[in-house]
Every structure is written in structure tokens, then in C-alpha cells.
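The primary structure of each chain is shown beneath.
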Amino acid sequence: MTSHDQKLSRRAFGAVVGAGAAAVGLSAGPALAAPGPGPAPAAAGAAAERPFRAAAERRSRRPNILFILGDDLGWADLSSYGSPHIRTPHLDRLARQGVRFTDAYSGSATCSPTRFSLYTGRFPGRTKGGLAEPIADKSVGLEPTHPTLASLLKGAGYATALIGKWHCGYLPDYSPTRSGWDEFFGNFGGALEYYSKLGLGGEYDLYEGDTPYKDLRYYTRVLTERASEYVQRGHDKPWLLNLNFTTPHWPWIADGDEEQSAEIVRRIRAGDRGALWHQDGGSVEKYKEMVEDLDRSVGEVLGALKRSGQEKDTLVFFASDNGGERFSYNWPLSGNKSSLKEGGIRVPTLVRWPARIDGGQVSDVPVFTPDWTATLLELGGARPDPAYPLDGASLAGYLLRGERAPRRDLFWRVRGERALRRGEWKYYRGPGGKDQLFRLTEDAREQADKASAEPGWLAALRAAWERTDAGLLPYPTVP
């Protein structure tokens, strides 16, 4: 590691960082209505939180980045977000040590498109693979020629690894190691049985690099062990680790449920293509068990990070890839995974970086997945490729330098639905084709349609959505 990496001056942090690369400038975007405060859940320890304020400027090296995703975890599935029955002490501690975002969103409403938005920093509809909601076969994926968070940070001197769920295309054409990650250990598909590692088509789906890897232990344990080993290595450069758990995604199998695992494996091998969906299984209690196991697993990895001596200089990010599924707790939001209602895209989001960000804070600034891509590239001293302009806005100025948060529209599109958020207002059109307008600061549940009362807002937000949509790829025709 160079002395430049070890100590970064305050001036250099906002201008030139890492390998002589200029930091990405914070784009304020067009002048829009200021966002209002988001709903404050009855969160454990919430009384101790204070509104976010950037700390006084401090010297630091470029951060290591530990980016953790849960899978289909609902907005209020953590006790720090108001869950009345799920206990998540490790993630609650992470929240107390950093910033908890109340109005953070995924880039889309299902697994693959959100991951495309994170890895590219762009709307999923910019790429052919991002149009699959989600990817279910080998026909599309994240093209290896497209710049990614990993490839750009790697070019700025980072070591890069992805552990866990990829879901951005299958071999032989698509793989994390073809898209900028030095190392990959995990599954290619959207779901797998937790013990056998059988995927949706009955294929074995645990790989190290591009080679199958045999390990029939409970998957969350295996990923936790691998991630803990990675963060404790003697790294000689800053690193990015994307840690993508499959928990608490179906099938509803917790650690120790080997009989249930064997039954699902039997059904898969008998040709039941819907076995992994586990429509006849699960319960609120089983889901609680899986989320609490995810919490313990994150705690193990964070403990390994602490023991490695890198905790202070590592930016830890935790979120979900989309809203919760059938057993999730999303109150007071409406909708769930696959929907552009709040319950399908608003996700718990925690950020900690002890060297630069004070703990015990909460932010109601609306942000979404591509913003984190832009933010991490700036912090890592990596320039976006001008041929692939980002759709996200960097939050580095807001988080570190006390600048105003970016003010711009948040845009979403899935088949049959559209949504756009501007400040406290959200435009939504669902499968029924009706245009609706909600004032989220007073109606997070999206029940009081203001379209008739505020026709000007409705028209402006609809027009903004249509302008953005016009620049995206069209969905392929469904046969």
C-alpha cells in the first residue's frame, strides 16, 4: 500500500485520490423540491438517534468497502426499523455505529435488476440483461465489456471479490470474474436449496471462480466463513467485498432443517420445477429464524473485521436487494417484492465508516441503489467511464463534507408499473393503468391518492418519468 493510500489529505479527498485519479464530482442535479422527513418507525434505540450531520473533516485513507446485501429482506424486518418480533442485535449495533437511512430504495423491485443497477450505477433498462425481471435462463447477463463498480475500483488499485449470489447471468458467457471481480465464490442463479446447492433447474450451483465447488453445509454458514476469511487476510491494498447472502429468500429452510431440505431435493429431482418456490412451506416463525440467522452471520463477519484491525478504515454498507416477500414485515408500507409500491422497493439501509462518519445518526434523504455506486467510486478514487454515464448521484459530499444532498428524481420501471419520486411526492402507475400521486411524508402507505387535488404535480412527475423512459431500452415483446 502506498503512502498516498495510507493517508489522504482533506483537500485531496475532494479532488484527487488513489493512483492519481480525480474523484467524481458531486452532481447536484436540477433544482427540485426539497425532500421532507420520512416516517420514523418505532425502532429499538431510535430515541438516541439524531438527524444526520457530516462530521468535521478528518484525515483518512481510501476505505475498504464491505457491501452486504440481504435477499428479499423487508423494510421493517430489522428491530432497528420497527419489527415487533424479529430481533437483530448485530445489525442494530451497526445502525447505532453509523447512519440509518429511512428513505432508501433498491434500484428495482426484484433481484437481477437491482444488482445490475448496483454493479453498473445505471438504470437496469440501460442494458439488455437488466430488462429480465429477474434473469431466469442463459440468454442474457451483464456483458463483460460493461464497466462495473468492481472493474472501475480495480482500475484504481482495489482488490475485488464477490461472495454469494451473483444472479447477473450464467456461464459460459457471464461471471463476476469476467466483470471486474478478482475472486468469486457463490451461486450464479436466483435461488438455491440451502444444503444441496441445487438451483431452480436442478443444477448444482456453488462455484469457486468458474469451477463447481462441493460443500453441502448450510449455505449461510459457508458464505459467512468465506467472508470472514477474506476480511482477515493480510491485504496490501484497499479492497471491495460484495457479500451477497441469499437469506432470507425462499426456500424456507433454516440452519438445521435437514429433513425439509431432503424433501425439497426429492421434489427437485423428481422434476418439480416449482419446488424451490416452496409455496407450501414456511411461516412467520421460520422467516424470523432465517432473518435472525442473517443477523448473526453479519455479526460474525463484522467481528472478523474488527479482529483484523481494519474496522476503522472500512466502509460497511448493509441493505436488501428489494422489498420483502410473503412472510416479511413491511408495515406501514404497501406492496412487496416485484411491486413499485413502497413495500417493494424501500429497503433497510445502514452505513458505517468510523474514520469519517459519526454514529447514532438517521437520514431521511431519498436515495437509491445507483447512488451508492457513484458514492463508492468517488470514495475509491475511480472515474466512471464517460461512455457509460452513471444514473446515480454521489453522496460523498453529503456524507463527508456537509454538502447539500443531491436533489433529483428517483426513477423506477418494471413491466406493467412505473414510479418516480421527487422530494416528498411519488408518482405511481400500477398494473391497472391508473396514474396516482402520493405525498409520502404524510402517507407512506400510499392510500391517499392526491392526483385530483394536485394535477400540476401529477403532470410534472409523469412527464419526467416519460422523458427518462424514452432513453431506455424497450422491453422485448412477450410471445
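Whatever comes next refers back to the structure up there.
Residues numbered from 1 in each chain as written. Predicted model: local features only at pLDDT ≥ 70, side-chain atom pairs only at ≥ 80, totals over all residues. Heavy atoms only, no water.

**Some details on unusual backbone geometry**
- The omega angle of the peptide bond from Thr 247 to Pro 248 is 0°, so this bond is cis rather than trans.
- The omega angle of the peptide bond from Trp 250 to Pro 251 is 5°, so this bond is cis rather than trans.
- Topologically, Pro 251 is positioned in the loop between β11 (239-244) and α7 (258-269).
- Phi is positive for Asp 72, which is not a glycine, with a value near 65°.
- You can see Asp 72 is positioned in the loop between β4 (64-70) and α3 (89-97).
- Taking relative accessible area as the criterion, Asp 72 reaches 1% and is therefore assigned buried.
- The phi dihedral of Glu 446 falls on the positive side, at around 55°, and the residue is not glycine. (Helix = DSSP H or I, 4+ residues; strand = E, 2+ residues; numbered from the N terminus. Buried < 20%, exposed > 50% of the residue type's maximum accessible area, 1.4 Å probe, protein only.)

**Notes on the sheet that holds β4**
- Sheet architecture is open: 11 strands sit in the order β3-β14-β5-β13-β12-β4-β11-β7-β8-β9-β10, paired in mixed fashion. Each end of this open sheet is capped by a strand with a single partner; those strands are β3 (50-51) and β10 (211-212).
- In terms of strand pairing, strand β8 (residues 183-187) meets strand β9 (residues 207-208) through two bridges, oriented antiparallel. Bridge pairing links Phe 185 to Glu 208 in β9.
- Against the sheet, α3 contacts β5 (99-101), β12 (314-320) and β13 (349-352), and its axis sits at roughly 55° relative to β13. (Pairing = 2+ DSSP bridges. Contact = heavy atoms within 4.5 Å. Axes fitted to C-alpha atoms, helices over the stretch in contact; angles between N-to-C directions.)

**Some words on the sheet that holds strand β18 (residues 425-429)**
- Read across the sheet, four strands follow the order β16-β17-β18-β19 without closing on themselves; strand pairing throughout is antiparallel. Each of the sheet's edge strands pairs with one partner strand only, and the pair in question is β16 (410-414) and β19 (435-439). Neighbour-to-neighbour, the strand axes of the sheet open up by a mean angle of 10°, direction not taken into account.
- Strand direction decides the pairing type here: β18 and β19, joined by five bridges, are antiparallel. When the sheet's bridge partners are listed, Tyr 427 is paired in β19 with Leu 437.
- Lying over the sheet, helix α12 (residues 455-470) contacts β16, β17 (417-422), β18 and β19, oriented at roughly 115° with respect to β17.

**Considering the side chain of Arg 422**
- Within the secondary structure layout, Arg 422 lies in strand β17.
- The exposure class of Arg 422 is buried, given its relative accessible area of 13%.
- Here Asp 409 takes part through its side chain, which lies 2.7 Å from a polar atom of the side chain of Arg 422. (Polar contact = N/O pair within 3.5 Å; in protein donor to acceptor, adjacent residues only side chain to side chain.)

**Re α7**
- Here α7 is 12 residues long and its end C-alpha atoms lie 16 Å apart, about the 16 Å a rise of 1.5 Å per residue gives.
- Within α7, burial applies to Ser 261, Ile 264, Val 265, Arg 267 and Ile 268. Seen end-on, α7 carries its buried residues on one side only, within an arc spanning 160°. Pointing more than 90 degrees away from the buried face of α7 are the exposed residues Glu 259 and Arg 269.
- Of the residues trailing α7, Gly 271 is marked for its positive phi of about 95°. (Expected span 1.5 Å × (residues − 1). Arc of directions from axis to C-beta.)

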